[in-house]
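Topology and contacts: notes
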Amino acid sequence: MSNRRKQSTTVGIFLCITISTLSLLSGDVSALGVNWGTMATHQLPPKTVVQMLKDNNVRKVKLFDADTNTMVALAGSGIEVMVAIPNDQLKAMGSYNRAKDWVRRNITRFNDDVKIKYVAVGNEPFLTAYNGSFLNLTYPALFNIQKALNEAGVGDFIKATVPLNADVYNSPLENPVPSAGSFRQDIFEEMKLIVNFLAHNKAPFTVNIYPFLSLYLSSDFPFDYAFFNGQNTVSDNGVIYTNVFDANFDTLLASLKALGHGDMSVIVGEVGWPTDGDKNANIPNAERFYTGLLPKLAANRGTPMRPGYIEVYLFGFIDEDAKSIAPGNFERHWGIFKYDGQPKFPADLSGAGQKKILTGAQNVQYLQNQWCMLNPDGLTFSNNTNQLGDNVNYACTFSDCTALGYGSSCGNLDEVGNASYAFNMYFQVQNQKAEACDFEGLAIITTRNISREQCNFPIQIGDPTSGHSDHNHRFIGLALVSMLLLFMAL
């Protein structure tokens, strides 16, 4: 989900943004890809993540940049890779010399060792939330990158594409069915340029589809229609749709057909379900979603308009605790693995329908077994009734408190629990430095696990014998980037 963020589009009463498809070829998990995002305060070593991909037989990965450490870790793995150019580099790629240099440094340099197949030019650059910030930058960047790939002699097998959110197309309110789909009028000319260019270069159209967002954005959206085993249906001239994923995907196909490219190859760049940060973002719903999606993809059932195989990348692989939460608190909880690389729920990536436990990261190091909590006596020393609230707000500004929201895993804590959770999250981000558990005398360090029922008070990953401030600097830096992007969207 950028790394991004997502806004859905209403495709009629039932087609309010949503999900796309993920595919396995004849039940072979090798056709299934995942998104590897790195917006985290504490990251697992790239080699550890690559081993997780291999251990779970994931043969395709989609990145959000072309980080050298990541590429080196992927070298020799045989894993197919989609590298990416972030939105903030699109303007620079408008210069052909800059595009050639980018291809030289990030593609041809690794081409003998890394199995690069796609270059993602931007990430959802036409989101309505961006107010056209990247509207005139995307096509020139796409053109130059593909030209540079061609000139480097790799353009026949490495294709440039643009991952787009499903809000770039819709169906009219007066005829809210997939077959009436078309691209948004405000970006129609740009979409026409991009689609024609992709077709000319035999490159795929990449779309991100999120059924979860249909529920999040509309209280009227039929709950079961977001999954694959519900009873809600939509009829499109006799064609029955039983889930919003199929309906959304086919709305795109209709939009492409309207431009004369109804047979264009389509990749689902992102699809998944978050496990926290909203009343509908939880493990049971995520497990239900994947239990329906994975067998569908393994069986190559496709959609009514396009039966058969669809290339799909799950979003995401690992949780990212430093992502922007502008779209919602759930943004930091899309992973099928937790922040420490451990699986959240059973998932059979082969699509055979078995309740399998995924293979987690091996030999993970954690900080010491200690937590930061509200000092039971601390409040008695406070003369300021706002002191506790101010300190909690400070802690949550520089750590991840999204689990405290309404309907989330820690949403039922009392005031003491809320404060302790916030203090501990900040303490962990700061690598358990003693001064990070003070909060004007309101907090103390404890070696007793203060987790409560469904609410886990985590211990962060890292070297238990030493602490560093780099992670905090990283969190602040990512927070500033998110704030800048929000400012641009205003």
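This one's a predicted model, so the numbers in the text were calculated from it and none came from an experiment. (Residues numbered from 1 in each chain as written. Predicted model: local features only at pLDDT ≥ 70, side-chain atom pairs only at ≥ 80, totals over all residues. Heavy atoms only, no water.)

1. Here's the deal with the overall build of the protein chain
In terms of regular secondary structure, the protein chain is built from eleven helices and 17 strands. Out of the 490 residues belonging to the protein chain, those deemed buried represent 58%. Roughly 19,900 Å² of accessible area belongs to the protein chain as shown, and the carbon and sulfur atoms make up 50% of that amount. (Helix = DSSP H or I, 4+ residues; strand = E, 2+ residues; numbered from the N terminus. Buried < 20%, exposed > 50% of the residue type's maximum accessible area, 1.4 Å probe, protein only. Areas by Shrake-Rupley, 256 points an atom, 1.4 Å probe, with all protein chains shown as cover.)

2. A look at the pattern of salt bridges
Summed over the entire model, instances satisfying the criterion amount to 17 salt bridges. Residue arginine 184 pairs with aspartate 167 through a salt bridge whose shortest N-O separation is 3.6 Å. Of this pair, arginine 184 sits in the loop between strand E10 (182–183) and helix H5 (188–200) while aspartate 167 is found in the loop between strand E8 (163–165) and strand E9 (169–170), placing the two residues 17 residues apart along the sequence. Assessed through its relative accessible area of 9%, arginine 184 is described here as buried. Overall, aspartate 167 belongs to the buried group, its relative accessible area being 2%. Residues aspartate 319 and lysine 344 are paired through a salt bridge, measuring 2.8 Å at the closest nitrogen-oxygen approach. Of this pair, aspartate 319 sits in the loop between strand E15 (311–314) and strand E16 (371–374) while lysine 344 is found in the loop between E15 and E16, placing the two residues 25 residues apart along the sequence. (Salt bridge = Lys/Arg side-chain N within 4 Å of Asp/Glu carboxyl O.)

3. Some words on the nonpolar core
Core analysis: the largest hydrophobic core is formed by 108 residues, its most contacted members being Val83, Trp102, Ile107, Val119, Ile145, Phe183 and Phe205. The dominant element in this core, judged by the number of residues it contributes, is helix H7 (residues 244–258), at seven residues. If we ignore the near neighbours within four places in the chain, the residues touching phenylalanine 183 are Val168, Tyr169, Phe188, Met191, Val195, Phe205, Leu252, Ser255, Leu256 and Leu259. Judged by nonpolar contacts, the second largest core, of 29 residues, contains Leu388, Ala395, Met425 and Tyr426. (Core = buried A, V, L, I, M, F, W, Y, C linked by side-chain atoms within 4.5 Å. Contact = heavy atoms within 4.5 Å.)

4. A closer look at the state of the cysteines
This structure, assessed with the given rule, holds three disulfides. Here cysteine 372 is linked by a disulfide to cysteine 437, with a sulfur-sulfur distance of 2.0 Å. One quick way to see it: the torsion about the S-S bond of cysteine 372 and cysteine 437 is about 90 degrees, and its sign makes the bridge right-handed. Of this pair, cysteine 372 sits in strand E16 while cysteine 437 sits in the loop between helix H10 (415–429) and strand E17 (443–446), placing them 65 residues apart in sequence. The two residues cysteine 372 and cysteine 437 agree in class, both being buried. Each disulfide pairs two cysteine sulfurs, and for cysteine 396 the partner residue is cysteine 401, the sulfurs being separated by 2.2 Å. On the S-S bond that ties cysteine 396 to cysteine 401, the torsion sits near -90 degrees, and the link is left-handed. The exposure class assigned to cysteine 396 is partly exposed, which follows from its relative accessible area of 25%. (Disulfide = S-S within 2.5 Å.)

5. Examining H7
Each full turn of the α-helix corresponds to 3.6 residues, which orients residues three or four apart in the same direction. The end-to-end C-alpha separation of H7 is 21 Å, in line with the 21 Å expected for 15 residues at 1.5 Å each. The buried fraction of H7 amounts to 13 of the 15 residues, a majority that puts the element mostly inside the structure. Two or three places before phenylalanine 245, at the start of H7, stands the capping residue asparagine 243, its side-chain oxygen 3.2 Å from that residue's backbone nitrogen. (Expected span 1.5 Å × (residues − 1). Polar contact = N/O pair within 3.5 Å; in protein donor to acceptor, adjacent residues only side chain to side chain.)

6. Here's the deal with the packing of aromatic side chains
Two descriptors summarise a pair of aromatic rings, namely the distance from one centre to the other and the angle between the planes of the rings. Taken as a whole and assessed by the stated rule, the structure comprises 29 aromatic pairs. Plain terms: the ring middles of tyrosine 210 and phenylalanine 315 are 6.3 Å apart, the flat faces sit at 75 degrees to each other, and that makes the pair edge-to-face. Of this pair, tyrosine 210 sits in the loop between strand E11 (205–208) and helix H6 (211–217) while phenylalanine 315 is found in the loop between E15 and E16, placing the two residues 105 residues apart along the sequence. Owing to a relative accessible area of 0%, tyrosine 210 belongs among the buried residues under this scheme. On the basis of relative accessible area, phenylalanine 315 is assigned to the buried category, the value being 1%. The ring of tyrosine 96 is capped by lysine 147, whose NZ or CZ atom sits 4.4 Å from the centre of that ring. Seen from the ring of phenylalanine 227, arginine 288 lies directly overhead, with NZ or CZ sitting 4.1 Å from the centre. (Phe/Tyr/Trp six-rings, centres within 6.5 Å; stacked < 30°, edge-to-face > 60°. Lys NZ or Arg CZ within 6 Å of the ring centre and 35° of its normal.)

7. Describing unusual backbone geometry
Note that the residue after phenylalanine 315, namely glycine 316, is joined by a cis bond; omega there is -5 degrees. Among the secondary structure elements, glycine 316 is positioned in the loop between E15 and E16. Although it is not a glycine, asparagine 300 sits at a positive phi angle of roughly 55 degrees. Mapping asparagine 300 onto the fold places it in the loop between helix H8 (283–298) and E15.

8. With respect to the side chain of arginine 332
By the element assignment, arginine 332 lies in the loop between E15 and E16. Of note is the side chain of arginine 332, whose polar atom sits 3.3 Å from the backbone oxygen of aspartate 321. Within the structure, arginine 332 has its side chain in polar contact with the side chain of aspartate 400 (distance 3.2 Å).

9. Concerning the sheet that holds strand E4 (residues 60–62)
Through backbone hydrogen bonds, the strands of a sheet pair up, either in parallel or in antiparallel fashion. On the basis of which strands lie adjacent, the open sheet formed by nine strands has the order E7-E6-E5-E4-E3-E15-E14-E11-E8 and parallel pairing. Both outer strands of the open sheet, strand E7 (159–161) and E8, are each paired with one neighbouring strand and no more. The average angle at which neighbouring strand axes cross in this sheet is 25 degrees, direction not considered. Relative to strand E5 (residues 80–85), E4 is paired through three bridges, and the arrangement is parallel. Bridge pairing in E5 links lysine 62 to methionine 82. (Pairing = 2+ DSSP bridges. Axes fitted to C-alpha atoms, helices over the stretch in contact; angles between N-to-C directions.)

10. Structural notes on the side chain of lysine 344
Judged by relative accessible area, lysine 344 falls into the buried class, the value being 14%. Side-chain polar atoms of lysine 344 contact the backbone oxygen of histidine 333, separated by 3.4 Å. A polar contact is formed between the side chain of lysine 344 and the backbone oxygen of glycine 335, at a distance of 2.8 Å.

11. Details of helix H3 (residues 96–108)
Taken as a whole, H3 has its buried residues at Tyr96, Ala99, Trp102, Val103, Asn106 and Ile107. The buried residues of H3 occupy an angular sector of 115 degrees when the element is viewed end-on, so they sit on one face. (Arc of directions from axis to C-beta.)

12. As for the environment of glycine 122
Here glycine 122 is to be found in the loop between strand E6 (115–121) and helix H4 (138–151). Placed 37 residues apart in sequence, glycine 122 and isoleucine 85 show a C-alpha to C-alpha distance of 5.3 Å.

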